[in-house]
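Examining the three-dimensional arrangement
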Amino acid sequence: MTTLDDLLAGLDGPVVAALGRSGYGVVVTIDRGDGPQIVHANDAAVAILGYAAADLAARPALDHLVQDDRTRVEEMVRLARAGEVVPSPIEIGIVRKSGERAVVEVGATVVPVAEGTASVAFFRDVSERRALRSRLALADRMATVGTVAAGVAHEINNPLTYVLLNLDRMASALDAITGPPHAVDRLRDALAHARDGAQRVRSIVSDLRSFSRASEDTADIDVRRVVRSAVNIAGNTIRERARLVEALDETPPVRASESRLGQVFLNLLVNAAQAIAPGAPDRNLVRVSTRFDGHRIVVEVADSGCGMPPAILRRAFDPFFTTKPIGVGTGLGLSICHKIVTSLGGEIEAESRDGAGSVFRVYLPRA
Ligand SMILES: Nc1ncnc2c1ncn2[C@@H]1O[C@H](COP(=O)(O)OP(=O)(O)O)[C@@H](O)[C@H]1O
Ligand SMILES: [Mg+2]
């Protein structure tokens with residue numbers, strides 16, 4: 001019967017070397033009855049997993065997989081040993097030494113050897129491709145929604161202007177009318193209500209329009225100033241719910257429209273405030289910071305609020321995705337942030353732990 005050494009010797013050929021040089025990780029495991037153990041890893045595998053080859057050998061092979069994929073892989077190995085056909089290649093999640101998660105595409109074969117059950121797996125890191133794919137899908141959804149929204153906003157805006165105008169006229173005309181006081185009061189209430197509603201429509205429409213607005217005048221600006229003015233606007237709302245900490249390091253200038261960038265930070269600050277229930281400002285924190293990482297300008301808004309489970313985090317940047325009641329959220333805030341930041345050549349990302357708060361990070365290129 002083949003031995004493990006025979007199998008390993010077979011990996012010395014030029015074909016496997018060429019695969020390694022194409023970035024394919026090669027790993028051989030042996031299961032002597034107590035779970036698969038790594039006995040060989042090429043340089044690419046070491047680079048992908050982040051562990052030195054010796055450390056790889058010291059840990060159960062399945063420990064490198066994200067929890068959800070361990071049982072899936074075990075099941076596939078079981079099927080393969082029973083001679084069944086298993087799908088290949090498959091994408092599975094791994095955890096690098098740094099704790100960072102990644103996605104690899106793996107194809108493997110199971111080989112019975114004298115010592116137990118061996119397997120040879122070839123894999124490559126497809127995390128970037130995955131992330132790119134989901135960014136493209138988001139950009140695509142945004143473009144579609146953006147086009148539709150801009151058209152709708154335009155259509156709504158004209159009639160809305162005369163609705164508001166006439167409501168104002170009626171309000172002033174009411175002052176001149178004499179009649180039973182309670183009847184006039186009722187009319188006044190009704191009018192005030194109608195105006196509130198119309199104002200709200202106006203603010204939604206103006207959000208929608210910002211999807212299509214051509215880029216405004218840009219200049220070299222100091223992000224700290226923009227952050228401070230957003231903090232001025234949102235500050236009171238935040239302080240009702242949390243301590244507000246500003247850690248604004250000096251940064252190189254960025255080239256942007258001050259008002260649009262201000263909108264980004266304001267949206268993030270309002271979301272942070274809304275994630276925290278009012279009533280315990282001493283026990284909550286909203287922290288806004290700026291720094292330069294030597295490459296890009298980083299603005300971070302962190303809160304100790306409700307956080308997001310992964311299912312919500314995945315959709316947070318989608319246009320019209322909101323978990324807030326009508327009148328509080330439109331679900332446009334983050335999609336507008338995303339649009340503005342990417343139009344500046346930057347990136348926006350979010351990290352969150354359900355129940356423990358969120359961090360939103362905006363990366364901007366220096367001017
Ligand atoms: N700081 C935050 N903490 C927790 N959840 C957040 C935070 N920011 C955004 N979210 C989630 O993302 C969703 C979308 O946000 P956004 O696009 O700003 O729309 P809106 O605030 O109008 O709901 C929110 O409804 C909320 O569920
Ligand atoms: Mg919002």
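A brief report on the enclosed structure follows. Here the structure is a predicted model, which means the values were calculated and not measured.

Thoughts on the nonpolar core
With 46 residues, the main nonpolar core has Leu261, Phe265, Leu268, Leu269, Val362 and Leu364 as its most contacted residues. For this core, the domains that each give at least three residues are domain 2 (131-209) and domain 3 (219-365).

Some remarks on the pairing of strand E12 (residues 357-365)
In terms of residue burial, E12 counts as a mostly covered element, since eight of its nine residues are buried. One ladder, built from eight bridges, connects strand E10 (residues 296-303) with E12; its direction is antiparallel. Bridge pairing in E12 places Ile297 opposite Leu364.

Comments concerning the sheet that holds strand E4 (residues 101-113)
The strand order E2-E1-E5-E4-E3 describes an open sheet built from five strands, whose pairing is antiparallel. Of all strands in the sheet, those bounded by a partner on one side alone are strand E2 (36-41) and strand E3 (90-95). The sheet shows a mean angle of 40 degrees between the axes of neighbouring strands, taken without regard to direction. Sheet topology note: the strand E1 (residues 25-31)/strand E5 (residues 116-125) ladder contains seven bridges and is antiparallel. The partner of Gly25 across the bridge, within E5, is Phe123.

A short note on the pattern of salt bridges
Counted by the stated rule, this structure contains 20 salt bridges. Residues Glu91 and Arg133 are paired through a salt bridge, measuring 3.6 Å at the closest nitrogen-oxygen approach. Note that Glu91 is positioned in strand E3 and Arg133 in helix H6 (residues 127-176), a separation of 42 residues in sequence. Owing to a relative accessible area of 23%, Glu91 belongs among the partly exposed residues under this scheme. Among the salt bridges present, the one from Glu105 reaches Arg129, with a minimum N-O distance of 3.2 Å. Here Arg129 lies in helix H6 and Glu105 lies in strand E4, a separation of 24 residues in the sequence. Residue classification places Glu105 among the buried positions, given a relative accessible area of 18%. Using a relative accessible area of 36% as the deciding quantity, one classes Arg129 as partly exposed. When salt bridges with common partners are traced through the structure, they connect Glu91, Glu105, Arg124, Arg129, Arg130 and Arg133 into a single cluster.

Overview of the site of ligand 1
Of all residues adjacent to ligand 1, which total 21 residues, the nearest are Asn271, Thr322, Thr323, Lys324 and Leu334. In this structure, Asn271 approaches ligand 1 through a side-chain N or O atom, which is 2.8 Å from an oxygen atom. Here an oxygen atom of ligand 1 and a side-chain polar atom of Thr322 are 2.5 Å apart. Among the elements of the structure, helix H9 (258-274), helix H11 (333-343) and E12 are those that each provide at least two residues to the shell around ligand 1.

Side note on the packing of H9 against H11
For any two helices packed against each other, one specifies the inter-axial angle together with the distance between the axes. Look at H9 against H11: their axes get within 9 Å of each other, and the N-to-C directions meet at 145 degrees. Of the two possible hands of crossing, H9 and H11 adopt the one that is left-handed. Taking contact as the criterion, the partners of Arg260, Gln263, Val264, Asn267, Leu268 and Asn271 in H9 are, on H11, Gly333, Leu334, Ile336, Cys337, Ile340 and Val341. Across the contact of H9 with H11, the residue classes tally to seven nonpolar, four polar and one charged.

Calculation notes
Residue numbers run consecutively from 1 along every chain, following the written order of its sequence. Chains carry letters from A onward and ligands carry numbers from 1 onward, assigned in written order. Only residues with pLDDT of at least 70 are given local features in this predicted model, and only at 80 or more are side-chain atom pairs given and counted; all residues enter the totals for whole chains, interfaces and linings. Here the side-chain values reflect all heavy atoms present in the structure, with hydrogen atoms and water set aside. In this description, a nonpolar core means a group of buried Ala, Val, Leu, Ile, Met, Phe, Trp, Tyr and Cys residues linked to one another through side-chain atoms lying within 4.5 Å. The classification of residues rests on relative accessible area computed with a 1.4 Å probe and restricted to protein chains. Under 20% of the type maximum is buried, over 50% is exposed, and intermediate values are partly exposed. For the domains described, the bounds stem from an automatic or database domain assignment. Secondary structure elements are taken from DSSP: a helix is a run of H or I of four residues or more, a strand is a run of E of two residues or more, and numbering for both begins at the N terminus. Two strands qualify as a pair provided DSSP detects at least 2 bridges between them. In this analysis, axes come from line fits to C-alpha atoms, helices being fitted only over the stretch in contact, and the angle between any two N-to-C directions falls in the range 0 to 180 degrees. In what follows, salt bridge is the name for a side-chain nitrogen of Lys or Arg lying within 4 Å of a carboxyl oxygen of Asp or Glu. One heavy atom within 4 Å of a molecule or strand makes the whole residue count as near it. Polar contacts, as counted here, are pairs of nitrogen or oxygen atoms within 3.5 Å of one another; within protein the pair requires one atom able to donate a hydrogen and one able to accept it, and residues that are adjacent in sequence qualify only if both atoms are side-chain atoms. What makes a crossing left-handed is the near helix being turned counterclockwise from the far one by less than a right angle; a clockwise turn instead makes it right-handed. Throughout, a residue-residue contact means that at least one pair of heavy atoms, one from each residue, lies within 4.5 Å. Residue classes follow a fixed rule: Ala, Val, Leu, Ile, Met, Phe, Trp, Tyr, Cys and Pro count as nonpolar, while Asp, Glu, Lys and Arg count as charged, and any other residue, Gly among them, counts as polar.

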